[in-house]
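# A look at the structure
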Amino acid sequence: MKIVIALLQVGFLYILFLAGEFLQAKLSIPLPGSIIGLLLLWGLLSIKVIPLRWVEKGAYVFLSTLPLYLIPATVGVMDYGHVFVGKGSLLILITIVSTFITMVVASLVSQSMAKRNVKEEGTLS
Amino acid sequence: MNTIILAFTMIWLTVMLYFLMNAVYVRLRSPFLVPILTTTIVVIVVLSLFHVSYETYMVGGKWIDALLGPAIVSLCIPLYKQRDIIKKNLLPIFGGVVVGGIVGMLTGVLAARLVGFSTELLASILPKSITSPIAMQIAEELGGIPSLATVLVIIAGLAGILMGPWINRWFKIDTAIGQGIGLGVGAHAIGTSKALEYGEQTASMSSVAMTLSAIIGALAGPLFGIWLFP
């Protein structure tokens, strides 16, 4: 029975994704259907149209295996070996260094702002 | 080979290797053995050994890829459950995402320009921190190569999850918000898959960062590019 419920919820999440794709195409929203689906679900949960327990189990099926669904895309790198020979290899280096700087800055900015928040309000998050 | 058998073989290969690599990771816990990286490498090696093209692989791969959409929708759950903490930290989240996003685009494009890469390549590297469907759109609008943009997005994501633990240690990033925002801003969905390992709060921060980056990127990315290379 648990499996049936989880599968029904997986199906429901898929429908939300399709709804996101549909809205994207109909209204030409410049966001991927998956993110529109996420925002849609957020909206439905917030206004209490659907309770959390209708989707929670299905969502954890996906979240516990999230990296798996990214693999077909990452394997696509195999077709780009030729781009990264010679000077092209610098593209990889630049991407890595820039990502490093991006993450350090993003982490430091949000963390220090959050810690100042805590000090001013005296509340712990 | 029969298409159905081929598709099943590719799906089986990917799923089997993923769970195998996941078991290795759980056992050894080395940050270099994250299953998304090791599985990708092993799948590529196997395909190369048997002279199977990516196109052929995707006959089966596309079925796994089709589940990425609802998996991204599922990220709403940690987001929703942690909504009070997110509301309380709206400004720090926004600050980290906006500043980090700008730094990401600037450093990538400026370094590539310094090396003397063409505008086509500058436009392809600009959106590398943003989730790939958006990155492709931005690259295309600016005259870049969408498929190359996707590859750079993936490299950024994989590099991000490898560097994350070091960054956290070296720069004393010891809060869920700091760690989550870094992964989400620099490494999008791949980073968020890593953030799930740290717990629900970090995952929710990473999801917010990824989603906000996508929204801001979709709106401001092209403008930013026009300003950087008119």
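Each value, and the rule that gives it
Residues numbered from 1 in each chain as written. Chains lettered and ligands numbered in written order. Predicted model: local features only at pLDDT ≥ 70, side-chain atom pairs only at ≥ 80, totals over all residues. Heavy atoms only, no water. Patch = residues over 30% accessible without salt bridge, like charges linked within 9 Å, V, L, I, M, F, W, Y side chains within 5 Å. Areas by Shrake-Rupley, 256 points an atom, 1.4 Å probe, with all protein chains shown as cover. Salt bridge = Lys/Arg side-chain N within 4 Å of Asp/Glu carboxyl O. Helix = DSSP H or I, 4+ residues; strand = E, 2+ residues; numbered from the N terminus. Contact = heavy atoms within 4.5 Å. Buried area = accessible area lost by both parts, 1.4 Å probe. Polar contact = N/O pair within 3.5 Å; in protein donor to acceptor, adjacent residues only side chain to side chain. Nonpolar A, V, L, I, M, F, W, Y, C, P; charged D, E, K, R; others polar. Buried < 20%, exposed > 50% of the residue type's maximum accessible area, 1.4 Å probe, protein only.

## Here we look at a nonpolar patch on the surface
A cluster of nonpolar residues, A:Leu108, B:Phe32, B:Trp166, B:Trp170 and B:Phe171, forms a patch on the protein surface that exposes about 520 Å² of accessible area. Within the secondary structure layout, B:Trp166 lies in helix 10 (residues 146–170).

## Focus on the interface of chain A and chain B
At the interface, 71 residues of chain A touch 95 residues of chain B. Together chain A and chain B conceal approximately 7500 Å² of surface at their shared face, both sides included; 80% is due to carbon and sulfur atoms. Remark: the boundary between chain A and chain B carries two salt bridges. A salt bridge links A:Lys115 to B:Asp174; the shortest N-O distance between them is 3.2 Å. Put simply, chain A and chain B have 16 residue pairs in polar contact (both at pLDDT 80 or more) between them. For the side of chain A that touches chain B, the elements supplying multiple residues, two or more each, are helix 1 (2–27), helix 2 (33–46), helix 3 (56–63), helix 4 (66–75) and helix 5 (89–121) of chain A. The greatest single-element share of the side of chain A that touches chain B, amounting to 24 residues, is contributed by helix 5 of chain A. A breakdown of the residues in the side of chain A that touches chain B according to their chemical character gives 49 nonpolar, 17 polar and five charged.

## A look at unusual backbone geometry
One non-glycine residue, A:Ser28, adopts positive backbone phi at about 40 degrees. Position of A:Ser28 among the secondary structure elements: in the loop between helix 1 and helix 2. Notably, B:Arg29 is not glycine yet its phi reads approximately 50 degrees, a positive angle. You can see B:Arg29 is positioned in the loop between helix 1 (3–28) and helix 2 (35–49).

## Examining the pattern of salt bridges
Scanning all chains against the criterion turns up five salt bridges over all chains. B:Glu197 is the salt-bridge partner of B:Arg29, the closest N and O atoms lying 3.7 Å from each other. Of this pair, B:Arg29 sits in the loop between helix 1 and helix 2 while B:Glu197 sits in helix 11 (residues 176–198); the two residues are 168 residues apart in sequence, bridging distant segments of the chain. The class of B:Glu197 is partly exposed, set by a relative accessible area of 39%. Residues B:Lys194 and B:Glu197 are paired through a salt bridge, measuring 3.4 Å at the closest nitrogen-oxygen approach. Placement of the pair is B:Lys194 and B:Glu197 together in helix 11, with a separation of three residues, close to one helical turn. B:Lys194 gets classed as buried once you look at its relative accessible area, which sits at 5%. Among the charged side chains, a salt-bridge network with shared partners connects A:Glu56, B:Lys81 and B:Glu200.

In short, shape yes, function no, at least from these values alone.
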